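Survey of secondary and tertiary structure
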Amino acid sequence: TIGKRYKLSCISRPRRFGKSYAAQMLCAYYCVGCDSAPLFDDLEIAKDVSYKVHLNQYNVIALDIADIIGKAGVNDTISGITKVTSEEIYDLYPNIKKAGSLADLLYNVVEATGRKFIAIIDEWDAPMRDHKTTNDIQYGYLQFLRSLFKSNAITDKVFAAAYITGILPIKKDGSQSAISEFREYTILDPGTFAPYIGFHENDVRQLCEEFHIDWAQMKFWYDGYQVKNVGSVYNPNSVMRAIEARAFKSYWTASSDPTSLLEYLNLDKEGLGKVVVDLLGGKAIRMDSSLFRNDPASLKTQDDVLTLLTHYGYLSYDEDRETVRIPNEEIRIEYAESVHE
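Below you will find a few notes about this structure. In this text the structure is predicted, and so the values were computed from the model without any measurement. (Residues numbered from 1 in each chain as written. Predicted model: local features only at pLDDT ≥ 70, side-chain atom pairs only at ≥ 80, totals over all residues. Heavy atoms only, no water.)

1. Quick notes on the overall build of the chain
Our working rule: Here a helix means four or more residues in a row that DSSP labels H or I, a strand means two or more in a row labelled E, and each is numbered from the N terminus. Within these notes, the globule rule equals 2.2 Å times the number of residues to the 0.38 power, and the radius of gyration is based on C-alpha atoms. Throughout, exposure labels follow a simple rule: accessible area from a 1.4 Å probe, protein chains only, divided by the maximum for the residue type, with under 20% read as buried, over 50% as exposed, and the rest as partly exposed. Whether two residues touch is decided by their heavy atoms; if any such pair falls within 4.5 Å, the residues are in contact. To be clear on the numbers: accessible area is Shrake-Rupley with a 1.4 Å probe, and residue cover counts the displayed protein chains and nothing else.
Each helix and strand in the chain was counted, giving 16 helices and 13 strands. Expected size for 341 residues packed as a compact globule is a radius of gyration near 20 Å; at 21 Å, the chain falls within 12% of this value. Each principal axis of the C-alpha distribution contributes one length, and for the chain these read about 65 × 50 × 35 Å. Sorting the 341 residues of the chain into buried and exposed places 48% on the buried side. Considering only contacts in the chain between residues 6 or more positions apart, those separated by 24 or more positions represent 68%. Summed over its atoms, the accessible surface of the chain is roughly 17000 Å², and 50% of this surface lies on carbon and sulfur atoms.

2. Thoughts on helix H10 (residues 201–211)
Stated formally: Starting at the helix axis, one direction is taken to each C-beta atom, and the arc is that of these directions.
Turning to H10, its buried residues are Val204, Leu207 and Cys208. Here the buried residues of H10 occupy an arc of 100 degrees about the axis, which is enough to place them on one side. Away from the buried face of H10 by more than 90 degrees, exposed residues Asn202, Gln206, Glu209 and Glu210 are located. Those residues of H10 that are buried lie in contact with strand E8 (199–200), helix H11 (215–222), strand E10 (231–234) and helix H12 (236–245). Note on H10: the residue one or two positions beyond its end, His212, has a positive phi of about 60 degrees.

3. Quick notes on the sheet that holds strand E9 (residues 225–227)
Using the following cut-off: Note on pairing: two strands pair once DSSP finds at least 2 bridges between them.
Spatially, E8-E10-E9 is the arrangement adopted by the three strands of the open sheet, whose pairing is antiparallel. Each edge of the open sheet carries a strand with a single partner, namely E8 and E9.

4. Topic: the nonpolar core
Looking at soluble globular proteins, one finds that nonpolar side chains tend to be buried together. Stated formally: The set of buried Ala, Val, Leu, Ile, Met, Phe, Trp, Tyr and Cys residues whose side-chain atoms join them within 4.5 Å is what this entry labels a nonpolar core.
Residues Ile65, Leu106, Trp124, Phe149, Phe159 and Phe182 are the most contacted members of the largest nonpolar core, which totals 37 residues. Broken down by element, this core gets its largest block of residues, seven residues, from helix H8 (residues 135–149). In this view, Phe149 contacts Leu8, Ala119, Ile121, Thr155, Phe159, Ala162, Glu181 and Phe182; residues no more than four positions away in its chain are not counted. Residues Val227, Tyr264, Leu309 and Val324 belong to the second largest nonpolar core, which totals 34 residues.

5. Quick look at unusual backbone geometry
Peptide bonds are mostly trans, and most non-glycine residues show a negative phi. One non-glycine residue with positive phi stands out, namely Arg246, at about 50 degrees. Among the secondary structure elements, Arg246 is positioned in the loop between H12 and helix H13 (260–265). Notably, Glu322 is not glycine yet its phi reads approximately 55 degrees, a positive angle. Along the chain, Glu322 falls in the loop between strand E12 (316–318) and strand E13 (323–325). By relative accessible area, which is 38% here, Glu322 ends up partly exposed.

6. Thoughts on the pattern of salt bridges
Condition: Salt bridges are counted wherever a side-chain nitrogen of Lys or Arg sits within 4 Å of a carboxyl oxygen of Asp or Glu.
A complete count under the given rule lists 14 salt bridges for this structure. Notably, a salt bridge pairs Glu201 with Lys219, separated by 2.8 Å at the nearest N-O pair. Of this pair, Glu201 sits in helix H10 while Lys219 sits in helix H11, and the two are 18 residues apart along the sequence. Classification of Glu201 by relative accessible area gives partly exposed; the value is 23%.

7. A closer look at the side chain of Thr310
Keep this limit in mind: For this analysis, a polar contact is any N or O atom pair within 3.5 Å, provided that within protein one partner can donate a hydrogen and the other can accept it, and provided that sequence-adjacent residues contribute only side-chain to side-chain pairs.
For Thr310, the location among the structural elements is in helix H15 (residues 302–312). On the basis of relative accessible area, Thr310 is assigned to the buried category, the value being 1%. Among the polar contacts listed, one links the side chain of Thr310 to the backbone oxygen of Leu306, at a separation of 2.8 Å.

8. Section: H15
Counting buried residues along H15, ten of its eleven residues qualify, which places the element largely inside the surrounding structure. Every buried residue of H15 is listed here: Gln302, Asp304, Val305, Leu306, Thr307, Leu308, Leu309, Thr310, His311 and Tyr312. Following H15 by one or two positions, Gly313 adopts a phi angle in the positive range, close to 100 degrees.

9. So, the pairing of E10
Bridge analysis of E8 against E10 gives two bridges, and the strand direction is antiparallel. Note on E10: the bridge partner recorded for His200 is Val233. Two strands pair when backbone bridges link them, and E9 and E10 are joined in this way by three bridges, in the antiparallel orientation. Looking across to E10, one finds that Tyr225 is bridged to Val233. What sits between E9 and E10 in their antiparallel hairpin is a turn of three residues, with Asn229 showing a positive phi close to 70 degrees.

10. Examining the packing of aromatic side chains
Where we set the bar: Pairs were defined over the aromatic rings of Phe, Tyr and Trp, the Trp ring being its six-membered one, requiring ring centres within 6.5 Å. Orientation was assigned from the angle between planes: stacked under 30 degrees, edge-to-face over 60, tilted for the rest. Charge-over-ring placement is defined geometrically: NZ (Lys) or CZ (Arg) within 6 Å of the ring centre, and within 35 degrees of the ring normal.
Counted by the stated rule, this structure contains 15 aromatic pairs. Ring geometry for Trp252 against Tyr314: centres 5.6 Å apart, planes inclined by 65 degrees, an arrangement best described as edge-to-face. Of this pair, Trp252 sits in the loop between H12 and H13 while Tyr314 sits in the loop between H15 and E12; the two residues are 62 residues apart in sequence, bridging distant segments of the chain. The class for Trp252 is buried, based on a relative accessible area of 1%. Its relative accessible area of 2% is what places Tyr314 among the buried residues. What links up through ring pairs into an aromatic cluster is the set Tyr29, Tyr30, Phe40, Tyr51 and Tyr58. When the ring centre of Tyr312 is taken as origin, the NZ or CZ atom of Arg15, which lies over that ring, is 4.8 Å away.

The values reported here are purely geometric and, on their own, carry no functional implication.
Structure representation (structure tokens):
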């Protein structure tokens, strides 16, 4: 999609499904400031005819929005992004023409270097998930992203592509995505990115053989996420933690907010408590995700809560049956402990 009409992609996945690693890999591949050929030459991508066409050929903006919020605060997300990016540009290009906006500054860099940018933004949705975020902050943040990635002359002249990743899809503005220029690939509808979600069963089986780990126990604890046309998908973090510790247990709480599940279950929308009991009993529950606005602060129905928990990885979605269930023993323990608190 480099330089094409559909060059803006938003990839959303549950926690610890390798989103940040993928973002770092893309930075290494595209960034003009390094020679990353030794990292990729022996991989499958090197066989592609376009491999060397794009290897280390672009200016890259790499941002971790959660890190920026941690340092600047959610109220100053936009100024934090602008400050971090501008300072690095002026360090790299001290003679670059000054500009009044970040978009104009990026345009000046493209004009001076002859290279377009690729934007790689990790944890793009951090402001949406921060409890301190107000509607005004969210609106301002989305407007800022629009100013960079709207299909206009600036976007086409500045960006060869953009890849943003997070847990939640882009917040809906009415019935449409608030940044409609992005093509979205979610855990509910991964599209062409389906083969690249987490570890596949063959991957995990090979790891178990290599490290002499009980395959049946690994499957019992961490299998359960089903992706259409792919099959079983495993959380890479949990699998690797189990191999390193040589112990099967829940590694979920250590990698996420331990209060989030209980907080959402306590909302008890439309008798959600009974649904949780059914889920713990192994039942699959029908879910309609069509009205969810991709905003944790605007949960109105049971389906909204179930959809949010699916995006977070607390439920596994069956696309054919339009149902959700608790995926595995690791997540079942998280529910059981939350219910008993």
